[in-house]
Amino acid sequence: QVQLQESGPGLVKPSQTLSLICNVSGGSISSGGYYWSWFRQHPGKGLEWIGFIYYTGSTFYNPSLESRLSISVDTSKNQVSLKLSSVTAADTALYYCARDLNNHYPIFAFDLWGQGTAVTVSS
Amino acid sequence: QSALTQPASVSGSPGQSITISCTGSSSDVGGYNYVSWYQQHPDEAPKLIIYGVSNRPSGVSNRFSGSKSGHTASLTISGLQAEDEADYYCTSYTSGGSLLFGGGTKLTVL
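What comes next concerns the included structure.

Conventions we followed
- Residues numbered from 1 in each chain as written.
- Chains lettered and ligands numbered in written order.
- Predicted model: local features only at pLDDT ≥ 70, side-chain atom pairs only at ≥ 80, totals over all residues.
- Heavy atoms only, no water.
- Disulfide = S-S within 2.5 Å.
- Helix = DSSP H or I, 4+ residues; strand = E, 2+ residues; numbered from the N terminus.
- Phe/Tyr/Trp six-rings, centres within 6.5 Å; stacked < 30°, edge-to-face > 60°.
- Buried < 20%, exposed > 50% of the residue type's maximum accessible area, 1.4 Å probe, protein only.
- Lys NZ or Arg CZ within 6 Å of the ring centre and 35° of its normal.
- Pairing = 2+ DSSP bridges.
- Axes fitted to C-alpha atoms, helices over the stretch in contact; angles between N-to-C directions.
- Contact = heavy atoms within 4.5 Å.
- Buried area = accessible area lost by both parts, 1.4 Å probe.
- Salt bridge = Lys/Arg side-chain N within 4 Å of Asp/Glu carboxyl O.
- Polar contact = N/O pair within 3.5 Å; in protein donor to acceptor, adjacent residues only side chain to side chain.
- Core = buried A, V, L, I, M, F, W, Y, C linked by side-chain atoms within 4.5 Å.

Looking now at the state of the cysteines. Residue and element names in this part refer to chain A. Scanning the model with the defined rule gives 2 disulfides over all chains in all. A disulfide bridge connects cysteine 22 with cysteine 97, and the sulfur atoms are separated by 2.0 Å. Of note, the bridge from cysteine 22 to cysteine 97 carries an S-S torsion of about 60° and is right-handed in sense. Of this pair, cysteine 22 sits in strand β3 (residues 18-25) while cysteine 97 sits in strand β9 (residues 93-100), placing them 75 residues apart in sequence.

This is the structure:
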């Protein structure tokens, strides 16, 4: 079955760019019409939506992050990537990637999640 | 964008039913049927338990049900079990083309 696995640097310095990868295994990103999304959860806090990407590359971003955010898909590597620039301590969080339940059109319900990757922003 | 409003905590005894509310506006909950609910146990990824206001994904217990009235969505858990103790989050698609979460509700099974 399809599985998601996030990976990243763990520690990023303030003002630098955070880069995360979501590796998709057990299925091809390009074979289905799914939306893929990134979420994050600050320590001890609730969930926050970061952005979506369709397998064709169309993106939708959280307005509060849009100016610093880039989400892309690499169908050849079967990966979804996130880049967040000019990070601060407020970007310290557990980052998750997830897949929409429906593969024909988005229903904005995510039933497949990775285990998350922790990111700390600190000098 | 303000988060959807959920109670910070609810509690119930085993076998009882509880309801968690999720209040938004006409730009999100009230305007779309793209309301979902997630269950999150400590140190685990969220699990989708309700989508499209009232639909259950395959494998989710029928003790979980969802509904919506106006700008408020609700999650009801019937026949409470100890394993239901978790955090619960609602989400809704918004008119701005984004996804908004509620602040989360901690369910305690007494």
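Back to the text.
With that settled, consider the packing of aromatic side chains. The description of an aromatic ring pair uses the distance of the two centres, along with the angle that the planes make with each other. Scanning the entire structure with this criterion turns up 19 aromatic pairs over all chains. Judged by centre distance (6.2 Å) and plane angle (35°), the ring pair of Tyr35(A) and Phe60(A) falls under tilted. Here Phe60(A) lies in strand β6 (residues 59-61) and Tyr35(A) lies in strand β4 (residues 35-41), a separation of 25 residues in the sequence. Taking relative accessible area as the criterion, Phe60(A) reaches 34% and is therefore assigned partly exposed. Note on Tyr32(B) and Tyr93(B): the rings are 5.1 Å apart at their centroids and 90° apart in plane angle, and the pair reads as edge-to-face. In this pair, Tyr32(B) sits in the loop between β2 (18-23) and β3 (35-40) while Tyr93(B) sits in strand β7 (residues 86-93), placing the two residues 61 residues apart along the sequence. Of the residues examined, Tyr93(B) reaches a relative accessible area of 17% and is grouped as buried. When the ring centre of Tyr34(A) is taken as reference, the NZ or CZ atom of Arg99(A) above it lies at 3.8 Å.

Below, the discussion takes up the sheet that holds β2(B). All names here are of chain B. Read from one edge of the open sheet, 3 strands run β2-β6-β5, paired in antiparallel fashion. Both edges of this open sheet fall to β2 and β5 (64-69), since each of them pairs with a single strand only. Across the sheet, the axes of successive neighbouring strands diverge by a mean angle of 20°, strand direction being ignored. By the bridge criterion, 6 bridges tie β5 to strand β6 (residues 72-77) in an arrangement that is antiparallel. Counted as the bridge partner of serine 69 is threonine 72 from β6.

The next point concerns the interface of chain B and chain A. Counting residues at the interface gives 18 residues for chain B, matched by 20 residues for chain A. Each partner contributes to the roughly 1600 Å² buried at the junction of chain B and chain A, and carbon and sulfur atoms together form 71% of this total. For the pair chain B and chain A, the number of links is 0 salt bridges. Our enumeration of links across chain B and chain A arrives at 5 residue pairs in polar contact (both at pLDDT 80 or more). Where the side of chain B that touches chain A is concerned, the elements lending two or more residues are β3, β7 and β8 (99-101) of chain B.

Counting residues in hydrophobic clusters, the biggest one holds 27 residues, and the most contacted among them are Leu18(A) and Trp38(A). Among the elements that take part in this core, β3(A) stands out by supplying 4 residues, more than any other.

Glancing now at the pattern of salt bridges. In total, this model carries 4 salt bridges over all chains according to the counting rule given. For Arg40(A), the salt bridge identified is with Glu48(A), shortest N-O distance 2.6 Å. By the burial criterion, Arg40(A) is buried, and Glu48(A) matches it. With a closest N to O distance of 2.7 Å, Arg63(B) and Asp84(B) form a salt bridge.

To continue, consider the environment of Tyr38(B). With respect to the helices, strands and loops of the structure, Tyr38(B) is situated in strand β3. The spacing of Tyr38(B) and Leu75(B) is 37 residues in sequence and 10.0 Å in space, taken between C-alpha atoms.

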